[in-house]
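Coordinate analysis (summary)
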Amino acid sequence: MHAHYGAGGDGGGGRRAAPLQGDAGLYFLGSLHELVAVGLHRPALEALCAGQRDLAEPPIDRAYLLKVLDEEISRQFGHPLRPLIELVLNAADAARGPQPLVDVAVTDGRVDVCDTGVGMGLRAILSRLLIPFATDKRPGIDLGRFGVGFFSVLGFGLSDPESFSLHLTTGDGIEGWAIRVVPWPGTGDPPDPPASAPEEVGRAHGRASPELAAALMCSVRRVAPLLGTRVRVTSALLEAGAVRAYLRDALHFFPASRALVLLDGAAVNDGRLISGGQLVQEPIAPGPDGGARATAARGARARPEDAAEGRARPDEAAEAQGAALLARFHVGGRGLLPSISAATFHAGVKVDACLALAELALIDFPAAVELTEGRDALKVGPEFTAVATAFYRRLIQLAAASGEGRRTRDRLAEMAAQISALMLQSAGWDEVARDLARALLGPGRCMVTPERREALLGFLGPSVAERLFVPESFWAEREWQPHLPGERELLEDELELDPPETLSALARRRGDLAGLPLLLARAANPHTTMVALCRSRLPPDRRVAAAAASRRAPGAPPLAPTFPEAAGRRPPGPLPCLGTRRLLLIRDDSPAVRRPSGWSDWYALRAAFDRASGVREADLERDLIVGEPVDGAACAAPRPGESTSGGEP
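Residues numbered from 1 in each chain as written. Predicted model: local features only at pLDDT ≥ 70, side-chain atom pairs only at ≥ 80, totals over all residues. Heavy atoms only, no water.

Turning next to the environment of P499. Position of P499 relative to the elements: it lies in the loop between strand 20 (495-497) and strand 21 (501-502). What P499 contacts, discounting residues up to four positions off in sequence, is V531 and A532. (Helix = DSSP H or I, 4+ residues; strand = E, 2+ residues; numbered from the N terminus. Contact = heavy atoms within 4.5 Å.)

Shown next as C-alpha cells:
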C-alpha cells in the first residue's frame, strides 16, 4: 500500500495516531485510484478515518477499477465546460440560508466555486465524493443525482495534464479537510509508484492519457475547521472570457430560489440578463397516458418584482412532497447577451439550445425528469411529456389572452413546431397538435412549402392566401405535415377537377379553348403529357342548384362551361397552368386559356406551362429573351391535315 500518514484528530473514527514531523495533518498521499479503493473497502476506510499510518491492501480489482474511473473521467458531457456546472449544482444543493448563495470566481486558467452550506467530513469524502455513482442526493429534490461531478472535473486533465490541478477544501463546522489532485510529477519518479500500474505513471509525464486515473496523485490533509466547500480547478484550458460567457448562458435561468449564483460578485440568475417576456410557473401532474393536467395553473402575467428577481416564487413544498411537477416557462422577450437563446433546461442548466428561434422561449424541467446516460440530455418519459404538453397549452392560452392578429398566431404556430422538433424531441406534440392548429391557425388552413406559395397564389388567385400556412423552417414543416391538410387537399377543395387525359386528347376535345394550341406546341410529347382541366368551385348554394338541375335532365348534353363572373366562382389567378406530382392542371376558366388576347396572355400561357412542365427558371428566361417572339400568330391552331409537334394529325 502507498504511504498513508495518520495525524492529530480521529477523522471521525475515534482513534488517534501521532503525526510525523513535517507531515502534520496528512492522512493520505498516493494514487487517486488507491484512495478510491480505500473508500470501497470498509475496513480500510475505517482504518484511514481512525488515522492509521499503514493500511492493508484493499482486495479490489485494480484493472477494473481503473477502467471504471477512466470511463467516468473521459465520458462525460457534450460541452467541454459542463463539469463546471456540475460544481455549481453541487454547491447549490449544499447551500443553506434564507437566500442561498453560490460564489463563482473566474480568472484565466482558474475557476473557484464556493458555498457556505453543508460541508463534508472525511468519511463522507471517502464514501460519497470519491466513489462514482455513490450519492446521497434526493431524487426530485436535489439537483445532482449521478455522483460523478467530482470525476467529471478531472476530465480537464486529459488534454493538458501538466497545467491541471483540483483543490477541494470542505468542512462541516467541526472539522476541515483539504483534497488535492494533480498529475504525477513530470520529472523524476513519483513517490512509491503503484506496483499494479507502472506503465501508467510514465504515460502521465507531460502527455495526455485516456488512463488518467492511474496518472493522478491525491493527497488528503486535515485543516482548520471550516463550514462549506471551496473547489478550485486549475487548467490552461480555462480561458476566462469563454468560461464567463458559458456560465452566464447556462445559469441565467437557474431558479434563484435554489441559489443565487454570483459570477465574480455579480448575480447571473436574478433576471437582469433577460428583457421583457413573460415568466410563468405551472404545477402539473403526468396523467396515466403520459399527458399533462394543470393542478394549479397560474401566473398569466408575471409581476414586475418577480421578473426583476428572475423567478416566479416556485412552490418547493408541493414539488418536494411529490404533489406536482413544477415547471417554469419564459416566453417572449429577448436575451441581453448574444448567447442567450431559446433553450430547454433541467434544474436551471441548459440542455439543448435553439438558435433558430428569434423569440426567447425557455423551459425549465422539474428535477423528477430523468437524464440520459450522457448526463446532458433529458430522457423522454411521462414527466418530460407532461411538461412539454403543458408548454404547448400555455402557448394556446397566451395567444387567446393576447388577442393578437393572425400574423402573430402563425408565428406562434411556427415557434411551437420548432420547439417541438429542436428542443422537446416531439414529446407530446401529437397529443396537442390539433388543438394548437385550431387555436392558432383556425379552420380550413392548409400547409404548403415556401417554394410552392407563389405558384399556388398565381394559379388559385390572391383570395386563397388566407387559407395558406407556410412554415418558415424545415423543422416546422416536418412537425406540422402529419396534422394539417396540404396542397392536394387545398386544390381538391378549391377546384372542380376533370378526369386526367393527355394534352393531345384534350386539344382535340376542347377546340373552344383557344389557348390550348400554344400549350400543344410547347409540349415535348403531348401524347404522354397528362393534364386535367379545372375551374373554381361553385359556391355551396349554387352547387346544390347545379346538382338539382343535373338530376332534372338526366339525358341532356353537358352544360356549357360557366365562368366566374356568371356563376359567383372565385376568379382565377394570372397563371393558367400548375404542375403537381401527378399531372399538369389547366384552368378552363382563365381568360388566357379561353380567349387569349395580347402579349400578356400569350406570355402567361407560355411561362406558366413551361414552369409547370419542370423547365428551369434560368432556361425559361433565356428562351423568352433569345427565342421566337411571343405573339398570337406563333400560336395559331393547326389547320385540318396539319401535324402537331407529336406527329399526330
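Buried within helix 15 (residues 450-460) we find L456, L457, G458, F459 and L460. Where the residues of helix 15 are buried, they touch strand 19 (468-469), helix 17 (487-494), strand 20, strand 22 (530-536), strand 23 (577-579) and strand 24 (584-587). Phi turns positive, to about 100 degrees, at G461, one or two residues after helix 15. (Buried < 20%, exposed > 50% of the residue type's maximum accessible area, 1.4 Å probe, protein only.)

Next up on the list: the packing of aromatic side chains. For any pair of aromatic rings, the description rests on two quantities: the centre-to-centre distance and the angle between the ring planes. Following the criterion strictly, the structure yields ten aromatic pairs and no others. When the centroid spacing of 5.0 Å and the interplanar angle of 90 degrees are considered together, the rings of Y27 and W177 count as edge-to-face. Placement of the pair is Y27 in strand 1 (residues 26-31) and W177 in strand 5 (residues 176-183), with a sequence separation of 150 residues. Judged on exposure class, the residue Y27 and its partner W177 are both buried. When the ring of F365 is compared with that of F384, the centres are 4.8 Å apart and the planes differ by 15 degrees; the resulting orientation is stacked. Separated by 19 residues along the polypeptide, F365 in strand 17 (residues 361-365) and F384 in helix 12 (residues 382-402) bring together distant segments of the chain. (Phe/Tyr/Trp six-rings, centres within 6.5 Å; stacked < 30°, edge-to-face > 60°.)

All right, on to the sheet that holds strand 7 (residues 227-234) then. Strand order in this open sheet of nine strands is 1-6-5-4-7-3-2-8-9, and the pairing throughout is mixed. Each edge of the sheet is formed by a strand with only one pairing partner; in this case those strands are strand 1 and strand 9 (266-267). Each of strand 2 (101-107), strand 3 (110-115) and strand 8 (260-263) touches helix 9 (residues 240-251); the most contacted strand, strand 2, lies at about 155 degrees to it. (Pairing = 2+ DSSP bridges. Axes fitted to C-alpha atoms, helices over the stretch in contact; angles between N-to-C directions.)

Here the chain averages 78 in pLDDT, while 74% of its residues score no lower than 70. The model gives residues 187-210 a pLDDT under 50, and that stretch makes 40 contacts with residues more than four places away or in other chains. (pLDDT = per-residue confidence, 0-100.)

A few words now on unusual backbone geometry. Positive phi outside glycine occurs at D264, with the angle close to 50 degrees. Here D264 lies in the loop between strand 8 and strand 9. Taking the relative accessible area as the measure of exposure, D264 reaches 39% and is therefore partly exposed. Phi at S426 takes a positive value of approximately 65 degrees, unusual for a residue other than glycine. With respect to the helices, strands and loops of the structure, S426 is situated in the loop between helix 13 (406-422) and helix 14 (429-441).

Ranked by size, the top nonpolar core spans 75 residues in total, and within it V104, L154 and L247 carry the most contacts. The dominant element in this core, judged by the number of residues it contributes, is helix 4 (residues 82-94), at seven residues. Not counting residues within four places of it along the chain, the set of residues in contact with L247 comprises L84, I85, V104, V106, H252 and L263. (Core = buried A, V, L, I, M, F, W, Y, C linked by side-chain atoms within 4.5 Å.)

Pairs may arise between side chains of opposite charge once their charged atoms sit close together. This structure, assessed with the given rule, holds 36 salt bridges. Linking R258 and D93 is a salt bridge whose minimum nitrogen-to-oxygen distance equals 3.9 Å. With a gap of 165 residues between them, R258 in the loop between helix 9 and strand 8 and D93 in helix 4 connect regions that are remote in the sequence. The buried category is assigned to D93, whose relative accessible area is 8%. A salt bridge links K379 to E370; its shortest N-O distance comes to 3.5 Å. On the accessibility criterion, K379 (40% relative accessible area) is partly exposed. Residue classification places E370 among the partly exposed residues on the basis of a relative accessible area of 45%. (Salt bridge = Lys/Arg side-chain N within 4 Å of Asp/Glu carboxyl O.)

This part covers the environment of G579. Examined against the element boundaries, G579 turns out to sit in strand 23. For G579, a relative accessible area of 14% puts it in the buried group. Separated by 29 residues in sequence, G579 and A608 have C-alpha atoms that sit 8.9 Å apart. Ignoring anything within four residues of it in the chain, the contact list for G579 reads R452 and A612.

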